Amino acid sequence: MSRTGPTRRTVLTATALGLTSLAGCDQEEAPPPPPDPLLPVLTEALALAAAYDRAVVAQPGLAGRLTPLAEDHRAHAAELARIIDTPAPSAAGPVPSAGAADLIADLRALEQAAQRNAVTACRTAPADRAALVGSIAACRATHAEALR
């Protein structure tokens, strides 16, 4: 007895291979995880450090007063990047052309806004991160006062 059509084994094998191929098509790729909620605090720390750096370039006489504040923000950014497990993004911008008093006032306003943002982030941060974000908020408030 000779068969002219496919054997049962051939049909089952082909079906199994077809289902395996289709299974890969049915699987949707998992969406990327949402950004870490502390990423804005990290980005803001870098922006603050860069703002201080630009102010020092514009008004070199302010370096002694402003450089330690910029270093605080860089330290915050480094620790946040470590916790988030991400490389720190860069922050740059144009060098301001304002006078020293205006630069100080602008930096103080930036610190005050950043402090409010850090307080908001602290309120929603998990317990293992809240202490760091709270410390950052306190440091930013201290900077705002130091810039009076």
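Reference entry: report on the structure contained in this document. All of these numbers come straight from a predicted model, not from anything done at the bench. As a convention, each chain's residues are numbered from 1 in the sequence order in which they are written. For a predicted model such as this one, the threshold for reporting local features is a pLDDT of at least 70, and the threshold for listing and counting side-chain atom pairs is 80 or more; totals across whole chains, interfaces and linings nevertheless cover every residue. Only hydrogens and water are set aside; all other atoms, that is, all heavy atoms of the structure, feed into the side-chain values.

1. Quick word on the overall build of the chain
(1) Moving on: The number of helices and strands found in the chain is five helices and zero strands.
(2) Moving on: Helix and strand assignments follow DSSP, with helices taken as H or I runs no shorter than four residues and strands as E runs no shorter than two, numbered in order from the N terminus. In the chain, the succession of helices and strands from N to C terminus is α-α-α-α-α.
(3) Moving on: Put simply, the chain has 148 residues, and 30% of those count as buried.
(4) Moving on: Partitioning the intrachain contacts of the chain with sequence separation of at least 6 by distance along the chain shows that 81% fall at a separation of at least 24. Relative accessible area decides the class of each residue, using a 1.4 Å probe on protein chains only: under 20% of the type maximum gives buried, over 50% gives exposed, and in between gives partly exposed. Contacts were defined at the residue level, with two residues in contact if any of their heavy atoms lie within 4.5 Å.

2. Observations regarding helix α5 (residues 127-146)
(1) Moving on: A helix is expected to span 1.5 Å for every residue after the first. Its 20 residues place the ends of α5 29 Å apart at the C-alpha level, agreeing with the 28 Å of an ideal helix rising 1.5 Å per residue.
(2) Moving on: The complete set of buried residues in α5 reads Arg 129, Leu 132, Val 133, Ile 136, Ala 137, Cys 139, Arg 140, His 143 and Ala 144. Taken end-on, α5 shows its buried residues confined to a sector of 160 degrees, consistent with a single buried face. Residues Ala 127, Ala 131 and Thr 142 are exposed on α5 and point more than 90 degrees away from its buried face.
(3) Moving on: Lining the buried residues of α5 we find α2 (39-58), α3 (63-84) and α4 (100-124). By definition, the arc is the one covered by directions from the helix axis to the C-beta atoms.

3. What about the nonpolar core?
(1) Moving on: Formed by 15 residues in total, the largest nonpolar core has its most connected members in Leu 38, Val 41, Leu 42, Ala 77, Leu 80, Ala 121 and Ile 136.
(2) Moving on: Among the buried residues, those of types Ala, Val, Leu, Ile, Met, Phe, Trp, Tyr and Cys that are joined through side-chain atoms within 4.5 Å form a nonpolar core. Core analysis: the next-biggest nonpolar cluster, separate from the first, contains 12 residues, Ala 51, Ala 55, Leu 103 and Ile 104 among them.

4. Considering the side chain of Glu 44
(1) Moving on: Mapped onto the elements of the fold, Glu 44 is located in helix α2.
(2) Moving on: Other than its neighbours up to four places away in sequence, Glu 44 contacts Ala 113, Ala 114, Asn 117 and Arg 140.

5. So, the environment of Leu 66
(1) Moving on: Among the secondary structure elements, Leu 66 is positioned in helix α3.
(2) Moving on: Taking the relative accessible area as the measure of exposure, Leu 66 reaches 0% and is therefore buried.
(3) Moving on: Along the chain, Leu 66 and Leu 147 lie 81 residues apart, while their C-alpha atoms are 9.0 Å from each other.
(4) Moving on: Among residues more than four places away in sequence, those in contact with Leu 66 are Tyr 52, Ala 55, Val 56, Ile 104, Leu 107 and Leu 147.

6. Notes on the packing of α4 against α5
(1) Moving on: Under this scheme, a helix contributes an axis fitted over its contacting stretch, all axes are lines through C-alpha atoms, and angles between N-to-C directions fall in the 0 to 180 degree range. The geometry of α4 relative to α5 is characterised by a closest axis approach of 8 Å and an angle of 160 degrees between their N-to-C directions. Between α4 and α5, the angle is such that the two are roughly antiparallel. The element α4 and its partner α5 pack so that their crossing is left-handed. Contacts between α4 and α5 involve Arg 108, Glu 111, Gln 112, Ala 114, Gln 115, Ala 118, Val 119, Ala 121 and Cys 122 on the former and, on the latter, Ala 130, Val 133, Gly 134, Ile 136, Ala 137, Arg 140, Ala 141, His 143, Ala 144 and Glu 145.
(2) Moving on: Note on residue categories: nonpolar means Ala, Val, Leu, Ile, Met, Phe, Trp, Tyr, Cys or Pro, charged means Asp, Glu, Lys or Arg, and polar means any other residue, Gly included. Taken together, the residues that form the contact of α4 with α5 break down as 11 nonpolar, four polar and four charged. Roughly parallel here means an angle under 35 degrees, roughly antiparallel means over 145, roughly perpendicular means 65 to 115, and every remaining angle is called oblique. Handedness of a crossing is defined here by the sense of rotation of the near helix relative to the far one, left-handed for an anticlockwise turn of less than a right angle and right-handed for a clockwise turn.

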